[in-house]
Amino acid sequence: MNKRLGQLLGAGVVGIAVLSVLGPLVWVTRVATRTPEEYQSDPGGWGSSWTLQNLSDSWEVADLGDALITSASIVVPGAILATVLAALAGWGYAKHDFPGKTVAIGVTSAAMFLPIAALAMPLFEIGLSYGVVGERWFLSLVYGTIFAPWTTLFLRSYFQGVPDSITEAASLDGASAFRTFLSVGLPLSMPALATAFILNAFLQWSELLLALLLLPSGDDTTVSVAIAQFSTQFRTGGPLTAASLLIGSLPILALFLVGQRWIRSGMFTGGVKD
């Protein structure tokens, strides 16, 4: 009886989680495919009209094509950088002892909780002093560094599951610490690395404040900034805004669908066991 109750409760929790994710997506899709006239007459209703014109209009007016290219050119290097830095630091935290290790882990943990708003102006001032505000690579560098701390702790947890016997065997064979990381740590952690990359891409893709501040030119905007400016400038709301949100989220949704096997493996296996 208790087992049956536990299964029902588990199914209920999973169902609520699925609805919390799919519900908003379904609603945004429905709003994006309603005619503006019908939406204005009944914003909260499901409606009966269907149109794809909103997708075409929002694509052209918000210039989403260029914004998608800009976001991809920034987020892909930024997510790679965050994952690489985190892999190196996470392996060091998990498999090596060094003076100040506890302090370093504490600082990394604290860095996770720094609000982006608190970092925005200092980063802007640094960018101005070096003349790199408006450069895509600078925003990629910023993304890679500020999103690396949480990824470091995530990968550290995964690396702790790698058996010490494997790394000790590599050392006995004459492998250096870095060689052990390349030959043992990385191959065993590919699911976790893929998970870290995908989650970093998601977080960076949806970031707005730094993208708005460090890319001030209106001709070079990310998807999140383009949608925000489009909605504010034309005060469209409703179907056109929903259509732009839907288009802007499709690349990340596709990335999640392609990488879901690695995400499940990376988040739930917890490393390699003896």
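The shown structure was predicted, so the numbers you read here are calculated from the model rather than taken from an experiment.

About the criteria used
- All residue numbers here refer to positions counted from 1 along the written sequence of the relevant chain.
- Local features in this predicted model are restricted to residues of pLDDT 70 or higher, and side-chain atom pairs are both shown and tallied only at a pLDDT of 80 or more, whereas totals for entire chains, interfaces and linings draw on every residue.
- Think of the side-chain values as coming from all heavy atoms in the structure, minus any hydrogens and water.
- Put simply, DSSP H or I for four residues or longer makes a helix, DSSP E for two residues or longer makes a strand, and each gets a number counted from the N terminus.
- Only protein chains enter the accessibility calculation, which uses a 1.4 Å probe; a residue whose area is less than 20% of its type maximum is buried, one above 50% is exposed, and one in between is partly exposed.
- By definition, residues are in contact when any of their heavy atoms lie within 4.5 Å.
- A 1.4 Å probe and the Shrake-Rupley method give the accessible areas. Residues count as covered only by the protein chains that appear here.
- Counting rule applied: Lys, Arg positive; Asp, Glu negative; His and chain ends not counted.
- Charge positions are represented by NZ for Lys, CZ for Arg, CG for Asp and CD for Glu.
- A pairing counts as a salt bridge when a side-chain nitrogen of Lys or Arg comes within 4 Å of a carboxyl oxygen of Asp or Glu.
- Note on terminology: a nonpolar core comprises buried Ala, Val, Leu, Ile, Met, Phe, Trp, Tyr and Cys residues joined through side-chain atoms within 4.5 Å.
- UniProt positions are given in the numbering used here, feature names are shortened, and annotations may be inferred rather than shown by experiment.
- Here an angle of 0 to 180 degrees is reported between the N-to-C directions of two axes, which are lines fitted to C-alpha atoms, with helices fitted over the stretch in contact.
- We call two directions roughly parallel when the angle between them is under 35 degrees, roughly antiparallel when it is over 145, roughly perpendicular when it lies between 65 and 115, and oblique otherwise.
- Should the near helix be turned anticlockwise from the far one by less than a right angle, the crossing is left-handed, and should it be turned clockwise, the crossing is right-handed.
- Three categories are distinguished: nonpolar for Ala, Val, Leu, Ile, Met, Phe, Trp, Tyr, Cys and Pro, charged for Asp, Glu, Lys and Arg, and polar for the others, with Gly belonging to the last.

**Quick notes on the overall build of the chain**
And then number 1: When its secondary structure is counted, the chain shows 14 helices and zero strands.
And then number 2: Ordered by position from N to C terminus, the α and β elements of the chain give α-α-α-α-α-α-α-α-α-α-α-α-α-α.
And then number 3: Counting only C-alpha atoms and orienting by the principal axes, one finds that the chain spans roughly 75 × 65 × 30 Å.
And then number 4: Counting across all 274 residues of the chain, residues that qualify as buried make up 39%.
And then number 5: Taking the contacts inside the chain whose residues are at least 6 apart along the sequence as the reference set, 74% of them involve residues at least 24 apart.
And then number 6: As displayed, the chain has an accessible area near 15000 Å², and 68% of this comes from carbon and sulfur atoms.
And then number 7: Charged side chains in the chain number 13 positive and 17 negative. The centres of these two groups are separated by 15 Å.

**What to know about unusual backbone geometry**
And then number 1: Positive phi, close to 55°, is recorded for Asp63, a residue that is not glycine.
And then number 2: Mapping Asp63 onto the fold places it in the loop between helix H3 (53-61) and helix H4 (64-95).

**Concerning the pattern of salt bridges**
And then number 1: For the coordinates displayed, the defined rule picks out four salt bridges.
And then number 2: A salt bridge links Arg34 to Glu38; its shortest N-O distance comes to 3.2 Å. When sorted by exposure, Arg34 lands in the same class as Glu38, which is buried.

**Concerning the nonpolar core**
Side chains of a nonpolar character, in soluble globular proteins, are inclined to be buried together.
And then number 1: Counting residues in hydrophobic clusters, the biggest one holds 16 residues, and the most contacted among them are Leu139, Val142, Tyr143, Leu210 and Leu214.
And then number 2: Contributions of two or more residues to this core are made by H4, helix H6 (116-130), helix H7 (136-146) and helix H12 (209-214).
And then number 3: If one sorts the elements of this core by residue count, H7 sits on top with four residues.
And then number 4: Setting aside its immediate chain neighbours within four residues, Leu214 contacts Leu123, Phe124, Val133, Gly134, Glu135, Phe138, Leu139 and Val142.
And then number 5: Counting residues in hydrophobic clusters, the runner-up holds 14 residues, among them Ala62, Leu64, Ala67 and Leu68.

**Here's the deal with the UniProt feature "transmembrane region" (unreviewed entry) in the chain**
And then number 1: The UniProt record marks residues 7-27, 67-91, 103-124, 136-159, 180-203 and 240-258 with the feature "transmembrane region" (unreviewed entry), using the residue numbering of this structure.
And then number 2: The distance from the first to the last C-alpha atom of residues 7-27 is 29 Å, and the span holds 100% helix and 0% strand.
And then number 3: The span residues 180-203 shows a helical share of 96% and a strand share of 0%, and its end C-alpha atoms are spaced 30 Å apart.

**Points about the packing of H6 against H7**
And then number 1: Close contact between H6 and H7 brings their axes to 12 Å; oriented N to C, the two are set at 140°. Comparing the axis directions of H6 and H7 gives the class oblique. Along this stretch, H6 crosses H7, giving a crossing that reads as right-handed. Residues Ile116, Leu119, Leu123 and Gly127 of H6 form the contact with H7, whose own contacting residues are Phe138, Val142 and Ile146.
And then number 2: Partitioning the contact of H6 with H7 into residue classes produces six nonpolar, one polar and no charged.

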